[in-house]
Amino acid sequence: MGEQAVSAVGQGGGVQNERLGALLVFGSAFFWSFGGTIARFLSVQDSWTVVFWRCLFGGLFLLAFMLVRDGPRGTVRLFRDMGWPGITVGLCFTIAASAFIVAISYTTIANVMLLGAGVPLFAALITWLVFREPVSVLTWTAIALVICGVGIMVSGSFSGKVSPVGDALGVLIAFAFALATVVTRRYPHVRMTPATCFGCFVASAFAATQAGSLTVSAGDMGLLVVFGAFNLGLGMACFVTGARLIPSALATLLSMAETMLAPVWVGLVHGEVPATRTIFGGVIILTALIGYLTAEFLRQRRLNTTGRAMPPIA
């Protein structure tokens, strides 16, 4: 009887932790979804100036988050133990964070967000090319659909309606995150928080060498604090905390809320309506991704029932 009671308590705690994890991951996607809307309010013309301040405030927020959560010694240990895999993940984040700001100055928020939705499938493709890991028929089908959707979306670049530079940067962002995903899976001990914090500071330092001026108005500075500390930093803190409590496929599914909400906010606030090709290609990408991630989530649930532990994320 005692063992049954303990088991019931444990199961209840597990359910509560999973619900909390799901809420935190969805919260991170919700915070991230306002990135494009905030960016459109900025009057700063130089994209590299925006990258500098956004990544600086994001890095400082993540550093403060680790200091509070893990203490000074624990924070130093996290940076020391992340090794070259953590540096690689951080540099991927540097590329993605920098390319996002530059990309939205050339193309629509919807294009960038929907092109980035294919990250899990790009990761599967990289894993197959580099490590020759087997890829299921379902995954190949989803990859083919994503490539088709991306092709439809970027075809608008050839008609002159959007810039091919912006779409190319959107694809670069997706591949950078996909590579970071592959490295993290191959090295489960990689801690995401110090890696992304490192990536923020590297992006900020590089942007400082590219920006024409780092001077911004008081109003823009307030927006950049929100853009960096809360949109980027708080979103990442919620994600790395919540993603540890739920299967990775579910975390990816919930984070897709950013892809769907971001164009909505920009459309409502700034009147930026996606082109027909963007909507059509995006629907194909999201349909393929939802189908793939749902199947992967069910597979992970079956694995978790056998007692297989999930690797730490944060």
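Computed from a predicted model, the values in this text were never measured in an experiment.

Conventions adopted
Residues numbered from 1 in each chain as written. Predicted model: local features only at pLDDT ≥ 70, side-chain atom pairs only at ≥ 80, totals over all residues. Heavy atoms only, no water. Helix = DSSP H or I, 4+ residues; strand = E, 2+ residues; numbered from the N terminus. Buried < 20%, exposed > 50% of the residue type's maximum accessible area, 1.4 Å probe, protein only. Contact = heavy atoms within 4.5 Å. Areas by Shrake-Rupley, 256 points an atom, 1.4 Å probe, with all protein chains shown as cover. Phe/Tyr/Trp six-rings, centres within 6.5 Å; stacked < 30°, edge-to-face > 60°. Patch = residues over 30% accessible without salt bridge, like charges linked within 9 Å, V, L, I, M, F, W, Y side chains within 5 Å. Salt bridge = Lys/Arg side-chain N within 4 Å of Asp/Glu carboxyl O. Expected span 1.5 Å × (residues − 1). Bend = angle between axes of the 7 residues up to and from the residue. 1 Å grid on protein atoms, 1.4 Å probe; cavity = no way out; pocket = protein on both sides within 12 Å on 5 of 7 lines; lining within 4 Å. Points joined across faces, edges and corners; volume = space filled by probe spheres on them. Nonpolar A, V, L, I, M, F, W, Y, C, P; charged D, E, K, R; others polar. Core = buried A, V, L, I, M, F, W, Y, C linked by side-chain atoms within 4.5 Å. Lys, Arg positive; Asp, Glu negative; His and termini not counted. Axes fitted to C-alpha atoms, helices over the stretch in contact; angles between N-to-C directions. Left-handed = near helix turned anticlockwise from the far one by under 90°. pLDDT = per-residue confidence, 0-100.

### Examining the overall build of the chain
At step 1: A count of helices and strands for the chain gives 13 helices and zero strands.
At step 2: Counting only residues that meet the buried cut, the chain has 49% of its 314 residues in that class.
At step 3: Taking the intrachain contacts of the chain between residues at least 6 apart in sequence as the baseline, contacts between residues at least 24 apart amount to 89%.
At step 4: A total of about 14,700 Å² of accessible surface is found on the chain, and carbon and sulfur atoms cover 70% of it.

### Points about the packing of aromatic side chains
At step 1: Inspection of every chain in the model, using the stated rule, returns 13 aromatic pairs.
At step 2: Pairing F30 with F31 gives two aromatic rings, centres 6.3 Å apart and planes at 65 degrees, and the pair type is edge-to-face.
At step 3: Accessibility expressed as a relative area gives 34% for F30, which makes it partly exposed.
At step 4: What makes F31 partly exposed here is its relative accessible area of 31%.
At step 5: When the ring of F122 is compared with that of F175, the centres are 4.6 Å apart and the planes differ by 20 degrees; the resulting orientation is stacked.

### What to know about a nonpolar patch on the surface
At step 1: On the surface, F41, V264, L268 and V269 cluster together into a nonpolar patch covering about 400 Å² of accessible area.
At step 2: Looking at the nonpolar patch element by element, the count peaks at three residues for helix 12 (residues 257–270).
At step 3: Of the residues examined, F41 reaches a relative accessible area of 48% and is grouped as partly exposed.

### Concerning helix 10 (residues 218–242)
At step 1: With 25 residues, helix 10 should cover 36 Å at 1.5 Å per step; its first-to-last C-alpha distance of 34 Å lies within 8% of that length.
At step 2: When the local axis directions of helix 10 are compared, the greatest deviation, roughly 25 degrees, occurs at G233.

### Here we look at the layout of surface pockets
At step 1: If you add up the space inside the second largest pocket, you get close to 240 Å³.
At step 2: Around the second largest pocket, the lining residues are A39, R40, L42, S43, V44, Q45, D46, S47, V50, I101, I104 and S105.
At step 3: Sorting the residues of the lining of the second largest pocket by element identifies helix 2 (35–41) and helix 3 (47–81) as the ones contributing at least two each.
At step 4: Of the residues belonging to the lining of the second largest pocket, the class tally is six nonpolar, four polar and two charged.

### Focus: the pattern of salt bridges
At step 1: For the structure shown, the criterion picks out three salt bridges.
At step 2: Of the charged contacts, one joins E272 and R40 as a salt bridge, the two residues approaching to 2.8 Å between their closest N and O atoms. Of this pair, E272 sits in the loop between helix 12 and helix 13 (276–305) while R40 sits in helix 2, and the two are 232 residues apart along the sequence.
At step 3: Across the pair D70 and R69 runs a salt bridge, and its minimum N-O distance is 2.9 Å.

### Points about the nonpolar core
At step 1: V50, V89, F100, L224, F227, M236 and F239 are the most contacted members of the largest nonpolar core, which totals 56 residues.
At step 2: Dropping the residues within four chain positions of it, F100 is found in contact with G36, R54, V112, M113, I173 and F227.
At step 3: With 25 residues, the next largest nonpolar core counts L114, L121, L125 and A178 among its residues.

### Structural notes on the side chain of E258
At step 1: Structurally, the position occupied by E258 is in helix 12.
At step 2: Look at E258: it is buried, it has no salt bridge, and the nearest opposite charge is R54 at 6.9 Å.
At step 3: E258 has contacts with A29, W32, S33, M113 and P263, leaving out every residue within four places of it along the chain.

### What to know about the environment of F26
At step 1: Looking at the secondary structure, you find F26 in helix 1 (residues 2–32).
At step 2: For the pair F26 and T252, spaced 226 residues apart in the sequence, the C-alpha separation amounts to 9.7 Å.

### Thoughts on the packing of helix 5 (residues 109–116) against helix 8 (residues 164–186)
At step 1: Between helix 5 and helix 8, the least distance of the axes is 8 Å, while the angle of their chain directions is 30 degrees. Along this stretch, helix 5 crosses helix 8, giving a crossing that reads as right-handed. Listed contacts from helix 8 to N111, V112, L115 and G116 of helix 5 are D167, G170, V171, I173 and A174.
At step 2: Of the residues belonging to the contact of helix 5 with helix 8, the class tally is five nonpolar, three polar and one charged.

### Re the confidence of the model for the chain
At step 1: Counting all residues, the mean pLDDT for the chain is 83, and 88% of those residues have values of 70 or more.
At step 2: Of all the helices and strands in the chain, helix 1 carries the lowest mean pLDDT, 68, while helix 3 carries the highest, 96.
At step 3: Within the model, pLDDT remains below 50 along residues 1–12, and this stretch shows zero contacts once partners closer than five positions in the same chain are excluded.

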